Amino acid sequence: MKYKKLAEIYDELSSTTKRLEKIEILSKFLKEIGESDRDILYLLLGDIYPEHDEKKIGISSQLAIKAIAKSTGVTNSEVVNEWKSLGDLGKVAEKLKKQKRQSTLSQSNLTTEKVISNLRKLPEMEGKGTVEKKISLITELLTSASPLEALYLIRIVIGDLRIGLKSSTVRNAIAKAFFKEEEKKNAIEEIQNAYDMNPDLALVFELAKKGKRFSIELKAGKPIKVMLAQKANTIKDAFEKAGKPLAAEFKYDGFRMMINKKDGNITLYTRRLENVTNQFPDIVDVIKKHINGNSFIVDAEVIGYNPKTKKYVPFQAISQRIKRKYHVERLVKELPVEVKAFDIVYLNGKNIIKEPFEKRTEILKKIVKNERYKITTADQKITDSEKEVRDFYNKAIKDNQEGLILKNLKAPYKPGSRVGFMLKLKEELRDYDLVITGAEYGTGKRSGWMSSFILSCLGEKDGEFLEIGKVGTGIKEKFEEQEEKIGTSFHELTEMLKPLITKEHGKTVEVKPKVVVAVTYQEVQKSPNYNSGFALRFPRFTALREDKPLSEITTLNEIKKDYENQKKDFKYS
Ligand code: ATP
């Protein structure tokens, strides 16, 4: 397909913030394109593979600047100057292409296939001369692009498409395009279920286009979206929602992991569907020895412990293990982990996702060989007594865990949903997961580092992030000064954010929303200073949430609710 058509669709989509209008535009477009154009579904979200695939385009603004300069015949510093005034490298490419066009006036023949093919080569490249090769792949595309095509091409390349499109909107558009009005509601649910089981939009599009039902099979070795928990306000409330008796389990303070085994091969995914197998050779080893079965998908929480004292440590102490790809052997020793297995959805060729939890937990207990500091199934109590739940909650707190997860014994496993089959019971910690959208460089001993970070929550519109405050406390100065290398330093955050910079004004920068952090605070206040309308009192950084997808960070609605409920203090013990 001509890439021109896609660029026009991007443009149309970004001209409205209304979700329904976006769905309308998209559904028309999806009807027009053929099955063989399936990979365009990735491009719509600015990607080249399904969202969980590790192969990302990953081009820095610096590299994009060079490609723009080369393809439009200007110097790098001219591009940088334009960037400073326009604040968007895409717009810079568009403007420079327009200027160039007046002298050449060529017709663009760029196809989406060519765009995808060049972009897919980028993550594969390694070794000497890589930078130059990457620049020429992008330059090749830019040279044959029209100004509008160049605008979106550069935005895709730097991972900042800015058309405010979420995968859920694309799913709704698929339902609208290929199902009759009366089927639409069921279709949306079916598509959602299929997507949660196999998060690949192009596959969902292909099936819908062929008129096939969405019976996407569960397969070991592929990531599925994890089932999420709702909040229980009281124990009574939990019994009402989860039924009597229910299964109470310790709520461990670690990170979620989906453990897959297929033909003897173990693959580990986070809840963000990132493949982290290489970061956890210790877990791979434990799984091989301690879970019986040729193939399975087991849901678990991974928790850390201090190798000397053997005491469990909070999530932030081990969060760095998720991302660090180097010195893995050292980290395995310094930050050892234990797996707490709590669910299973697939075993030896059999899909058991629809079996009731009581059956699944029984199966799990049979195949896991418990050994403390390696793997055990979650501490569990099946009960119909409020008092027993309260006592068990106190026991969990004494054991330094966060509280309890209360589970409906009769319920199936619902990937990706917060349907209330699992309820979390924990002290209101005043804790948000927010994304960094800006930062300020420090002065004095912190000069050269970003030292204050602008935090944003998820807004109500597609792709909207709203500022809610700044954080500078809770971040470490320098690792050399500390005994234990736990936490995150200014230097580390600065390095993560630098490639994400989209705008600079003096000491302040704007960055692409990518880095998710957990922040505690004392209170939510109304504030005209931030565009969310709220501000946090005494925010404090606690951890990088590398495991959390952007779509699951704290929403403005949740903040509004917390603001209203602030005075009520829930206590369970
Ligand atoms: P959420 O998962 O609701 O988006 P969150 O990541 O901040 O938010 P919590 O709300 O604190 O996590 O609680 C749910 C999480 O608790 C699960 O996603 C899982 O990672 C963790 N967890 C710990 N122990 C268990 C358990 N026994 N059963 C299920 N989940 C558990």
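Residues numbered from 1 in each chain as written. Predicted model: local features only at pLDDT ≥ 70, side-chain atom pairs only at ≥ 80, totals over all residues. Heavy atoms only, no water.

### Here's the deal with the pattern of salt bridges
If the charged atoms of two oppositely charged side chains come close together, the side chains can form a pair. Heads up, the condition is: Any carboxyl oxygen of Asp or Glu that lies within 4 Å of a side-chain nitrogen of Lys or Arg is treated as forming a salt bridge with it.
Counted according to the given criterion, the structure contains 42 salt bridges. Put simply, lysine 374 and glutamate 371 hold a salt bridge, and the shortest N to O gap is 3.4 Å. Within this structure, Glu35, Arg38, Asp39, Arg120, Glu206 and Lys210 form a network of salt bridges that share partners.

### Some thoughts on the domain arrangement of the chain
Interfaces are often described in size by the accessible area the parts lose on coming together. Quick note on the threshold: How far each domain reaches was decided by an automatic or database domain assignment.
What the domain assignment lists for the chain is domain 1 (47–157), domain 2 (228–425) and domain 3 (431–565). Taking only C-alpha atoms, the centre of domain 1 and the centre of domain 3 are 29 Å apart.

### A look at the packing of helix α4 (residues 61–72) against helix α8 (residues 130–143)
Here is the rule: For helices, the fitted axis covers only the stretch in contact; all axes are lines through C-alpha atoms, and the angles between them, taken along N-to-C directions, range from 0 to 180 degrees. In this text, helices come from DSSP runs of H or I with a minimum length of four residues, and strands from runs of E with a minimum of two, each type numbered from the N-terminal end. In these notes the angle categories are as follows: under 35 degrees is roughly parallel, over 145 is roughly antiparallel, 65 to 115 is roughly perpendicular, and the rest is oblique. Take the far helix as the reference: if the near one is turned anticlockwise from it by less than a right angle, the crossing is left-handed, and if turned clockwise, right-handed. Residues count as neighbours in contact if any of their non-hydrogen atoms are within 4.5 Å of one another. As a working rule, the residues Ala, Val, Leu, Ile, Met, Phe, Trp, Tyr, Cys and Pro are called nonpolar, Asp, Glu, Lys and Arg charged, and the rest polar, with Gly in that last group.
Between α4 and α8, the shortest axis-to-axis distance is 8 Å and the interhelical angle comes to 50°. Here α4 lies oblique to α8, going by the angle between them. Along this stretch, α4 crosses α8, giving a crossing that reads as right-handed. Taking contact as the criterion, the partners of Leu63, Lys66, Ala67, Ile68, Lys70 and Ser71 in α4 are, on α8, Val131, Lys134, Ile135, Ser136, Ile138, Thr139, Leu142 and Thr143. Broken down by class, the residue content of the contact of α4 with α8 amounts to seven nonpolar, four polar and three charged.

### What about the site of the ligand?
What counts here: Nearness is defined per residue: one heavy atom within 4 Å of the molecule or strand is enough. Pairs of N or O atoms within 3.5 Å make up the polar contacts considered here, provided that, within protein, one atom can donate a hydrogen while the other can accept it, and that residues adjacent in sequence are counted only when both atoms are side-chain atoms. Per-residue accessibility takes into account occlusion by the displayed protein chains alone, with areas from the Shrake-Rupley method and a 1.4 Å probe.
Around the ligand, a shell composed of 19 residues is seen, among which Lys251, Glu301, Arg418, Lys424 and Lys426 lie nearest. With respect to the ligand, the side chain of glutamate 249 contributes an N or O atom lying 3.0 Å from a nitrogen atom. Within the contact set of the ligand, an oxygen atom lies 2.7 Å away from a side-chain nitrogen or oxygen of arginine 418. Out of a free accessible area of 600 Å², the ligand has 92% covered by protein chains. Every element with two or more residues in the shell around the ligand is listed here: β2 (246–251), β11 (403–408) and β12 (422–426). Tallied by class, residues from the shell around the ligand come to seven nonpolar, no polar and twelve charged.

### Concerning the nonpolar core
Put simply, the rule reads: Residues grouped as a nonpolar core are buried Ala, Val, Leu, Ile, Met, Phe, Trp, Tyr and Cys residues, joined through side-chain atoms within 4.5 Å. Only protein chains enter the area calculation, which uses a 1.4 Å probe; residues under 20% of their type maximum are buried, those over 50% are exposed, and those in between are partly exposed.
Membership of the largest hydrophobic core comes to 69 residues, with the highest contact counts inside it found for Leu30, Leu41, Leu44, Leu89, Leu119 and Ile174. Residue contributions to this core peak at seven residues, all from helix α9 (residues 147–157). In this view, leucine 44 contacts Leu6, Ile9, Tyr10, Leu13, Leu26, Phe29, Leu30, Leu161, Ile163 and Leu165; residues no more than four positions away in its chain are not counted. Met257, Val286, Leu335 and Ala341 belong to the second largest nonpolar core, which has 33 residues in total.

### Looking at the packing of α8 against α9
In the contact formed by α8 and α9, the axes pass within 10 Å of each other and the chain directions differ by 160°. The angle between α8 and α9 places the two elements in the roughly antiparallel class. The handedness of the crossing between α8 and α9 comes out as right-handed. Contacts from Ile138, Leu141 and Leu142 of α8 reach α9 at Ala150, Leu153, Ile154 and Val157.

### Some details on the pairing of strand β17 (residues 508–511)
Consecutive side chains of a regular strand alternate in pointing toward one face of the sheet and then the other. Quick note on the threshold: Note on pairing: DSSP must find at least two bridges between two strands before they are called paired.
Here β17 shows a buried face lined by Val509 and Val511 and an unburied face lined by Thr508 and Glu510. When strand β13 (residues 431–441) meets β17, the two strands line up antiparallel, connected through three bridges. In the sheet register, alanine 439 faces β17, and the bridge partner there is valine 509. Sheet topology note: the strand β16 (residues 501–505)/β17 ladder contains four bridges and is antiparallel. Paired with lysine 503 across the strands is glutamate 510, a residue of β17. Count of turn residues in the β16/β17 antiparallel hairpin: two residues, of which glycine 506 carries a positive phi of about 60°.

### Examining the pairing of strand β14 (residues 450–458)
When you tally the buried positions in β14, you get nine out of nine residues, the bulk of the element. In terms of strand pairing, β13 meets β14 through six bridges, oriented antiparallel. Along β14, the bridge assignment pairs glutamate 440 with serine 452. Across six bridges, the pairing between β14 and strand β15 (residues 465–471) is antiparallel. Bridging across to β15, leucine 458 finds its partner in phenylalanine 465. Linking β14 to β15, which pair antiparallel, is a turn of six residues; within it glycine 463 sits at a positive phi near 65°.

### Structural notes on the sheet that holds β11
Read from one edge of the open sheet, five strands run β1-β12-β11-β2-β10, paired in mixed fashion. The two strands at the open ends of the sheet, each matched to only one other strand, are β1 (230–231) and β10 (380–383). Pairing between β1 and β12: two bridges, direction parallel. Looking at the pairing, lysine 231 lines up with lysine 424 of β12.

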